[in-house]
Amino acid sequence: MEKGEREIPVKVLEKLADLYKMKIDEIIHFEEGKKAPKEVQIEDKELVEQVKTNTGTGT
């Protein structure tokens, strides 16, 4: 994994992020002096509600 010779499963990324108190994006884009992409804010309320409904996190 360290040499980039094989893919890292999502479950492993989740465990590493938890262990190092980092976001998965920070691990994926970790390079000296390089920052992870900025978090995206969804401004469309209808779209946000649709995503909540589709993912089962709506109230």
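Placed above this text is the structure.
Here the structure is a predicted model, which is why all the values come from computation and not from measurement.

(A) The overall build of the protein chain, seen in detail. Along the protein chain, the regular secondary structure elements total three helices and zero strands. The order of α-helices and β-strands along the protein chain, N terminus first, is α-α-α. Only carbon and sulfur atoms are counted for the fraction: they give 52% of the accessible area of the protein chain, which is about 6000 Å².

(B) Fine view of unusual backbone geometry. A positive phi angle, near 55°, is found at Lys21, a position not held by glycine. Along the polypeptide, Lys21 turns up in the loop between helix H1 (10-20) and helix H2 (24-28). With relative accessibility at 70%, the residue Lys21 sits in the exposed group.

Definitions and cut-offs
Residues numbered from 1 in each chain as written. Predicted model: local features only at pLDDT ≥ 70, side-chain atom pairs only at ≥ 80, totals over all residues. Heavy atoms only, no water. Helix = DSSP H or I, 4+ residues; strand = E, 2+ residues; numbered from the N terminus. Areas by Shrake-Rupley, 256 points an atom, 1.4 Å probe, with all protein chains shown as cover. Buried < 20%, exposed > 50% of the residue type's maximum accessible area, 1.4 Å probe, protein only.

Read these as geometric descriptors, not functional statements.
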